[in-house]
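Descriptive analysis of the structure
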Amino acid sequence: MRKKKISSKQDFSFESMPARKLKVGVNVSHESATERLKDKNYVRQALIQCLQDGDADAFKEILRSFLDVVNKTKFAEKTDIPERTLYRMVSEDGNPTLDNIAKVVHALCA
């Protein structure tokens, strides 16, 4: 299986991580990535961290994942950005403008 590169700063793959055995009696909580991505505060913090780190690829990947789990039409209306533009922003060749980034972050803060 091919490793998927997460961002230009990170070269990480779950396949390359060694397996760990838990101690007997340890409870494990199950996290749902989909549920986590529906949490606007979590996504907002992650996007702001990407901006602080100067990691545009990670910003686009997180926003793309967020758009995959939310109602795109409602989010497009909330940001006042057409759906097509939202998807162009997060495409591999996308280059979101500062105005559109500000609208996305503002919508996540509201």
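Residues numbered from 1 in each chain as written. Predicted model: local features only at pLDDT ≥ 70, side-chain atom pairs only at ≥ 80, totals over all residues. Heavy atoms only, no water.

Before going further, it helps to examine the confidence of the model for the protein. Looking at the protein as a whole, the pLDDT averages 84, with 87% of positions reaching at least 70. Within the protein, no element has a lower average pLDDT than helix H1 (residues 33–37), which sits at 82, and none a higher one than helix H6 (residues 98–109), at 93. (pLDDT = per-residue confidence, 0-100. Helix = DSSP H or I, 4+ residues; strand = E, 2+ residues; numbered from the N terminus.)

The next subject is the packing of helix H2 (residues 40–53) against helix H3 (residues 56–69). With their axes 8 Å apart at the nearest point, H2 and H3 run at an angle of 165 degrees to one another. As far as their axial angle goes, H3 and H2 are roughly antiparallel. The crossing of H2 and H3 is left-handed. Contact with H2, carried on its side by Val43, Ala46, Leu47, Cys50 and Leu51, involves Ala58, Phe59, Ile62, Leu63 and Phe66 of H3 and no other residues of that element. Classifying every residue of the contact of H2 with H3 gives ten nonpolar, no polar and no charged. (Axes fitted to C-alpha atoms, helices over the stretch in contact; angles between N-to-C directions. Parallel < 35°, antiparallel > 145°, perpendicular 65-115°, else oblique. Left-handed = near helix turned anticlockwise from the far one by under 90°. Contact = heavy atoms within 4.5 Å. Nonpolar A, V, L, I, M, F, W, Y, C, P; charged D, E, K, R; others polar.)

Taken together, the side chains of Leu22, Val26 and Val28 define a hydrophobic patch exposed on the protein surface, amounting to about 280 Å² of accessible area. Take Val28: it is sitting in the segment before H1. (Patch = residues over 30% accessible without salt bridge, like charges linked within 9 Å, V, L, I, M, F, W, Y side chains within 5 Å. Areas by Shrake-Rupley, 256 points an atom, 1.4 Å probe, with all protein chains shown as cover. Salt bridge = Lys/Arg side-chain N within 4 Å of Asp/Glu carboxyl O.)

Bringing the nonpolar core into the picture now. In this structure, Leu63, Phe66, Phe75, Leu86 and Val104 are the most contacted members of the largest nonpolar core, which totals 21 residues. Going through the elements one at a time, H2, H3, helix H4 (72–79), helix H5 (83–89) and H6 are the ones with two or more residues in this core. (Core = buried A, V, L, I, M, F, W, Y, C linked by side-chain atoms within 4.5 Å. Buried < 20%, exposed > 50% of the residue type's maximum accessible area, 1.4 Å probe, protein only.)

Time to look at H6. Given 3.6 residues per helical turn, the α-helix brings residues three or four places apart onto the same face. Its twelve residues place the ends of H6 16 Å apart at the C-alpha level, agreeing with the 16 Å of an ideal helix rising 1.5 Å per residue. Residues Asn100, Ile101, Val104, Val105, Ala107 and Leu108 constitute the buried set of H6. When H6 is viewed along its axis, its buried side chains cluster within an angular range of 160 degrees and face the same direction. Away from the buried face of H6 by more than 90 degrees, exposed residues Leu98 and His106 are located. (Expected span 1.5 Å × (residues − 1). Arc of directions from axis to C-beta.)

Where charged atoms from two side chains of opposite charge come close, those side chains can pair. Per the stated rule, a full pass over the model turns up two salt bridges. Residues Glu35 and Lys38 are paired through a salt bridge, measuring 3.7 Å at the closest nitrogen-oxygen approach. Lys103 is the partner of Asp99 in a salt bridge, and the nearest nitrogen-oxygen pair spans 3.7 Å. Of this pair, Asp99 and Lys103 are both found in helix H6, four residues apart, which corresponds to roughly one turn of the helix. According to the relative accessible area criterion, Asp99 is partly exposed, its value standing at 47%.

With 14 residues, H2 extends 20 Å from end C-alpha to end C-alpha; this agrees with the ideal 20 Å at 1.5 Å per step. Three or more residues of H2 are buried, namely Val43, Arg44, Ala46, Leu47 and Cys50. Seen end-on, H2 carries its buried residues on one side only, within an arc spanning 165 degrees. In this fold, the buried residues of H2 make contact with H1, H3 and H6. Capping the start of H2, Asp39 holds a side-chain oxygen 3.1 Å from the backbone nitrogen of Asn41, two or three residues further along. Just downstream of H2, Gly54 is the residue with a positive phi angle, here 70 degrees. (Polar contact = N/O pair within 3.5 Å; in protein donor to acceptor, adjacent residues only side chain to side chain.)

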